[in-house]
Amino acid sequence: MSNLIKGKKYEWETVIGLEIHAQVKSNSKLFSNSSTAFGSKPNSQVSLVDAAMPGMLPVINKYCIEQAVKTGIGLKAKINNYSVFDRKNYFYADLPQGYQISQYKYPIVGEGKVIIDFKDGSSKDIRIVRLHLEQDAGKSLHDQNPKKTYVDLNRSGVALMEIVSEPDIRSADEAGLYISKIRSILMYLGTCDGNMQEGSLRADVNISVRKPGYEYGTRCEIKNLNSIKFIKQAINYESQRQVEVLEEGGVIEQNTLLFNTSTGKTRPMRSKEEAHDYRYFPDPDLLPLEIDQEEINKLKKTIPELPDDRKKRYVEDYNLSNYDASVLTADKLVSDYFDNIIKSDKTLKESSKIVVNWLTSELFSLLNEKNIEINNSPITPENLGRLVKLIKEDIISGKIAKDVLVEMFNTKEDPEKIIERKGLKQVTNTSEIEIIVEEVLEENKKMVEQYLSGKDKLLGFFVGQSMQKSKGKANPKILNEILKSKLSKKH
Amino acid sequence: MKLDTNTINKIAKLARIRLSEEEAKDLLKDMNSILDWVEQLNEVNTDSVKPLANISSSILPQRKDEAKDINSSDEILKNSPDKLEGYFAVPKVVE
């Protein structure tokens, strides 16, 4: 799979690094005890600390520190026993302090890595540079009034984990897989709710292009993207733009860009680079953060089974392909559901591939149609397991099972009851099937003649007719055998 | 280290302070003398001394993750010269 972009003259490689901002799922803010609840009345959750009233002092939230450490462990990263909070200075209406408390030289988490999985079964490591804790800013509304900006400080001071990757990403698809994987890890850990619509997870994209094998090109940074779709769109647009500029003999200016979600284009921010002199220095209001190894070890014990561990278990224990296993484990709720099916009956372990198909194609399409999340599925994992078992035991055919599934979805009934009630049990009784086959052959004498004179394809027609007569209940294998033997006797 | 007027003006701009030429000149003198004073520290050999983050020897105090319902809107907006429906209203910040 080549990631190269074909320009008019050359082929180009896109080089991408992501800075992901993930809100810590905590009750109160990083340095104050006001609530982090989303969607509250504007400015109702702003303490005097958040409003930066003179003399107010920050006191750090222990829980937020623990979540950053846990996330670091989940990213297989080095946890730093010593880290420092710095002030990042800039002026903006949604930042009352005039600086953001962040971590610069000494972040709480150092180098780590995440694995992304491709459809063809291969995978790739994306290296993590660091994770640091910082304050979120407030929210500005720019589009309500031509002369005013409206500011809500409720979000101001909520804890963010900024996760910075190395420029190891080479395409929009890889970027999508990477952020999905990070989101999945965060959600397994429970350290961030992963809600991109509410802005709990957003990303800045650093992007440049180069001819393969050459030095990195000049990069641009696209700010504040809050959906995987937009991240991919922005990358595709921006890489194409850079290629066009370079092929026309131009140069890429290092710029901060905004992505317009309605036009699908990027444009430079108006503020000039001079504003980006953040003059970091250690925050004199906060002592360095020291975490002893014992505490880290304690947190390690609270780490649940993560997507990669589950993936491995699925591949090794259930014989699933690497890609199937990665799709299944991407969403913890889906993966939990799958585990519950397999757990519900010992014999299902060997049918795990069939279970995956019924879960990811049949049940998913019903859920999607009604826009229901898997944890609210009207079909319990146990019942889906029973349905698969009924197919395996030849009690119903796969085709009938689809109808049964729809009925289960609508009525929440057990599959056995539905089969009983509707009389859907598969006919495996040979004499019953023989009668049907004979009727069909009798009713289609002309076709039989044609078949006998060499039109082999007509066999499918007889199968279809017989199946229809049995209302789909005839066991297909037995039906086929009987048909063939009856027809051969007619020679 | 010696500052020049350009640097003074840049710092003023970053701090959103408007300076007259006269004020810039005064500040240049003041800031240079502060730097001179601090530079005396260079006379001390600190090769084997760890950077000191804080003179206090205590450790970073931490609090429990408990949220207080403060319903702060009225109080927090009280000092704001301009507001609308619970929001601070500020001159348009274009982006």
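Residues numbered from 1 in each chain as written. Chains lettered and ligands numbered in written order. Predicted model: local features only at pLDDT ≥ 70, side-chain atom pairs only at ≥ 80, totals over all residues.

## Let's talk about unusual backbone geometry
All names here are of chain B.
Okay, so step 1: Although it is not a glycine, arginine 16 adopts a positive phi angle of roughly 55°.
Okay, so step 2: One can find arginine 16 in the loop between α1 (5-14) and α2 (21-39).
Okay, so step 3: If you check the backbone angles, glutamate 85 has positive phi at about 45° while not being a glycine.
Okay, so step 4: Relative to the assigned elements, glutamate 85 resides in the loop between β2 (83-84) and β3 (87-91). (Helix = DSSP H or I, 4+ residues; strand = E, 2+ residues; numbered from the N terminus.)

## Describing the sheet that holds strand β6 (residues 99-102) of chain A
Residues and elements named next belong to chain A.
Okay, so step 1: In spatial order, the strands read β6-β5-β16; together these three strands make up an open sheet with antiparallel pairing. One side of each edge strand has no neighbouring strand; the edge strands of this open sheet are β6 and β16 (281-282).
Okay, so step 2: Relative to β16, strand β5 (residues 86-89) runs antiparallel, the two sharing two bridges. The partner of arginine 87 across the bridge, within β16, is phenylalanine 281. (Pairing = 2+ DSSP bridges.)

## A short note on the domain arrangement of chain A
Residues and elements named next belong to chain A.
Okay, so step 1: According to the domain assignment, chain A consists of domain 1 (5-300), domain 2 (307-422) and domain 3 (430-489).
Okay, so step 2: The C-alpha centroid of domain 3 is placed 33 Å from the C-alpha centroid of domain 2.
Okay, so step 3: Listed as interface residues are four residues of domain 2 and, on the opposing side, four residues of domain 3.
Okay, so step 4: In terms of residue class, the side of domain 2 that touches domain 3 is made up of one nonpolar, one polar and two charged. (Domains from an automatic or database assignment. Contact = placed C-beta atoms within 7 Å. Nonpolar A, V, L, I, M, F, W, Y, C, P; charged D, E, K, R; others polar.)

## Brief notes about the nonpolar core
The tendency in soluble globular proteins is for nonpolar side chains to be buried as a group.
All names here are of chain A.
Okay, so step 1: Residues Leu18, Ala68, Leu131, Ala175, Tyr178, Val205 and Ile231 are the most contacted members of the largest nonpolar core, which totals 62 residues.
Okay, so step 2: Among the elements that line this core, the one with the most residues is helix α2 (residues 172-189), at eleven residues.
Okay, so step 3: If we ignore the near neighbours within four places in the chain, the residues touching alanine 68 are Ile108, Val109, Leu131, Leu133 and Met161.
Okay, so step 4: Ranked by size, the runner-up nonpolar core spans 30 residues in total, among them Phe338, Trp358, Ile391 and Phe409. (Core = buried A, V, L, I, M, F, W, Y, C linked by C-beta atoms within 7 Å. Buried ≥ 20, exposed ≤ 12 C-beta atoms within 10 Å, placed from the backbone.)

## Structural notes on the pairing of strand β13 (residues 220-225) of chain A
Residues and elements named next belong to chain A.
Okay, so step 1: Alignment of strand β12 (residues 201-210) against β13, held across four bridges, turns out to be antiparallel. Residue pairing for β13: alanine 203 is matched across the bridge by leucine 225.
Okay, so step 2: Handedness of the crossover joining β13 and strand β14 (residues 256-260) through helix α3 (residues 228-247): left-handed. (Right-handed = clockwise from strand over helix to strand, strands pointing away.)

## Examining the interface of chain B and chain A
Okay, so step 1: Listed per partner, the contact involves 33 residues of chain B and 40 residues of chain A.
Okay, so step 2: Contributions of two or more residues to the side of chain B that touches chain A are made by β1 (62-63), α3 (73-77) and β3 of chain B.
Okay, so step 3: Ranked by residue count, the leading element in the side of chain B that touches chain A is β3(B), at four residues.

## What to know about the sheet that holds β3(B)
Okay, so step 1: Ordered by their spatial adjacency, four strands build an open sheet running β9(A)-β10(A)-β3(B)-β2(B), and the pairing between neighbours is antiparallel. Looking along the sheet, the strands with just one partner apiece sit at the ends: β9 (139-141) of chain A together with β2 of chain B.
Okay, so step 2: Relative to β3(B), strand β10 (residues 148-152) of chain A is paired through four bridges, and the arrangement is antiparallel. Paired with Thr149(A) across the two strands is Val90(B), which belongs to β3(B).

## Concerning the packing of helix α9 (residues 381-392) of chain A against helix α10 (residues 398-411) of chain A
Residue and element names in this part refer to chain A.
Okay, so step 1: For the pair α9 and α10, interaxial distance at closest approach is 10 Å and the crossing angle is 160°. Accordingly, the angle class assigned to the pair α9 and α10 is roughly antiparallel. Here the hand of the crossing between α9 and α10 comes out right-handed. Here α9 contributes Asn383, Leu387, Leu390 and Ile391 to the contact with α10, which in turn contributes Gly398, Ala401, Val404, Leu405 and Met408.
Okay, so step 2: Residues belonging to the contact of α9 with α10 are distributed by class as follows: seven nonpolar, two polar and no charged. (Axes fitted to C-alpha atoms, helices over the stretch in contact; angles between N-to-C directions. Parallel < 35°, antiparallel > 145°, perpendicular 65-115°, else oblique. Left-handed = near helix turned anticlockwise from the far one by under 90°.)

## Examining the packing of helix α7 (residues 332-344) of chain A against helix α8 (residues 352-370) of chain A
Residue and element names in this part refer to chain A.
Okay, so step 1: At their nearest, the axes of α7 and α8 sit 11 Å apart, and the two run at 135° to each other. With respect to α8, the element α7 is oriented oblique. The handedness of the crossing between α7 and α8 comes out as right-handed. Residues Phe338, Ile341 and Ile342 of α7 pack against Ser352, Val355 and Leu359 of α8.
Okay, so step 2: For the contact of α7 with α8, the class distribution of residues is five nonpolar, one polar and no charged.

## What about the confidence of the model for chain B?
Fine structural detail should not be taken from predicted coordinates in areas where pLDDT scores are low.
All names here are of chain B.
Okay, so step 1: Looking at chain B as a whole, the pLDDT averages 90, with 98% of positions reaching at least 70.
Okay, so step 2: Within chain B, β1 carries the highest mean pLDDT (96), whereas α1 carries the lowest (91).
Okay, so step 3: Predicted complex metrics record ipTM = 0.88 and pTM = 0.85. (pLDDT = per-residue confidence, 0-100.)

## What to know about the environment of Gly217(A)
Residues and elements named next belong to chain A.
Okay, so step 1: Counting through the fold element by element, glycine 217 comes out in the loop between β12 and β13.
Okay, so step 2: By the C-beta count within 10 Å, which is 20 here, glycine 217 ends up buried.
Okay, so step 3: Put simply, glycine 217 and valine 15 are 202 residues apart on the chain and 8.5 Å apart in space, counted from C-alpha to C-alpha.
Okay, so step 4: Ignoring anything within four residues of it in the chain, the contact list for glycine 217 reads Ser208, Val209, Arg210 and Ile252.

## Things to note about the environment of Lys343(A)
Residues and elements named next belong to chain A.
Okay, so step 1: Its location among the elements puts lysine 343 in helix α7.
Okay, so step 2: We classify lysine 343 as partly exposed; it has 13 C-beta atoms within 10 Å.
Okay, so step 3: The spatial distance from the C-alpha of lysine 343 to the C-alpha of methionine 56 is 54 Å, given a sequence separation of 287 residues.

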